[in-house]
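Observations on chain architecture
What follows is each chain in one-letter form.
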Amino acid sequence: MNPVNKSNPVISAVIPAHNESQGIEVAVKKIAEILTHCVNSAWEIIVVDDGSSDQTYAKILALSQNDARIKGIAFSRNFGKENALLAGLDYATGQAIITIDADLQHPPSFIPEMIAKWRAGAKIVHAVKRSRKHDSIAKKSAAYLINQLISGLGGINVKNSSDFKLLDREIVDIITHQLSEKQRFFRGLTSWIGFDEDYVYFDVANREGDESKWSFWSLLELSITALTSFTGFPLHIITFLGFLTLILGFSVASEAIWSLINHQTVSGYTTIIICLLLIGSFVMISLGIIGEYIAKIYDEVKGRPHYLIKSSVGIHDD
Ligand code: UDP
Ligand code: MG
């Protein structure tokens, strides 16, 4: 547990950044300005450079030189946003920690309202997306489907949720000390934890300048992690598929036996092909689902660290 210390900042902001050199300075300055307005100088900003290949870390170093409350962590390579968020939470020392994207798609203007809700007693303040008009239809539909699946099957509410959150120190200590899993889905975990929650609603702003830093594959990987971390339901689908093929088998077998008894030539080439293809695809899908869970278990048992830090500025390992 982090002792309440007078020199500790009241608020920490954690910003994951991957190739954000274009907008990181503006984002940090804007967030700093708003934090100053809320808590005077009792804040810190930790930018986690997630293996950027551009000048992101150089910009963080320059910002940090001008203002010691701006701190930086550079990963040895790209470990993904989930791990960048975790590193920020590991090293943040504030009494409340705000996680916010580097591209200003999470409007910092909501920070004062989130802090007010925290002061009023909320342990977690979720910023929920009211609209995502700048996303493509494909991205909107994929996000909708995945969020519905996770919320429906996993029993946690991640509909329209975002990684823009305010977490009380107590919650951060739980995430960093008590949840030992390697595969993390931050949005799901913060919802799973419970405690007193509150919400603010925002419109997703347009991404300034460049494009999203998520590739199709990294989004797919995150979706699989989210599903496998919160529900075993896909495994039950296999049992269901098994019963379905059993019923199919019985009906086709009875027809074949009936034809045999009546001395009719057993026809049904088409039926055989359909059955073979159906059963074949059921088996492959089932193996795939089991494989995904085994892959996740494999990652967990390897026990490798979530991330490796190449260098840092303003961070104290105490
Ligand atoms: N990000 C990261 N590591 C990655 C991909 C993204 O730290 O591998 C950061 C990125 O710099 C940004 C945030 O995660 O601050 C959200 O990424 P992005 O804006 O590309 O995602 P989207 O808004 O499309 O969900
Ligand atoms: Mg974004």
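The text that follows walks through the structure, step by step, so that each part is easy to find. (Residues numbered from 1 in each chain as written. Chains lettered and ligands numbered in written order. Predicted model: local features only at pLDDT ≥ 70, side-chain atom pairs only at ≥ 80, totals over all residues. Heavy atoms only, no water.)

**Observations regarding the packing of helix H8 (residues 216-230) against helix H10 (residues 269-302)**
Their axes nearest at 11 Å, the elements H8 and H10 cross at an angle of 90°. Viewed along their axes, H8 and H10 adopt a mutual orientation that is roughly perpendicular. Between H8 and H10, the contacting residues are Glu-221, Ile-224, Thr-225, Leu-227 and Thr-228 on the first element and Glu-292, Tyr-293 and Lys-296 on the second. (Axes fitted to C-alpha atoms, helices over the stretch in contact; angles between N-to-C directions. Helix = DSSP H or I, 4+ residues; strand = E, 2+ residues; numbered from the N terminus. Parallel < 35°, antiparallel > 145°, perpendicular 65-115°, else oblique. Contact = heavy atoms within 4.5 Å.)

**Regarding the sheet that holds strand S6 (residues 161-168)**
What holds strands together in a sheet is hydrogen bonding between their backbones, with the strands either parallel or antiparallel. Read across the sheet, eight strands follow the order S7-S5-S6-S4-S1-S2-S3-S8 without closing on themselves; strand pairing throughout is mixed. Because the sheet does not close on itself, it has two edges, and the strands there are strand S7 (197-203) and strand S8 (309-313). Across the sheet, the mean angle from the axis of one strand to that of its neighbour is 20°, orientation sign disregarded. The sheet contact formed by strand S3 (residues 70-75) and S8 spans four bridges and is antiparallel. Bridge assignment links Ala-74 to a residue of S8, and that residue is Ser-311. This element, helix H4 (residues 111-119), spans strand S1 (11-17), strand S4 (96-99), strand S5 (124-131), S6 and S7 of the sheet and lies at about 45° to S6. Taken strand by strand, helix H7 (residues 186-193) contacts S4, S5, S6 and S7, and its axis lies near 50° from that of S6. (Pairing = 2+ DSSP bridges.)

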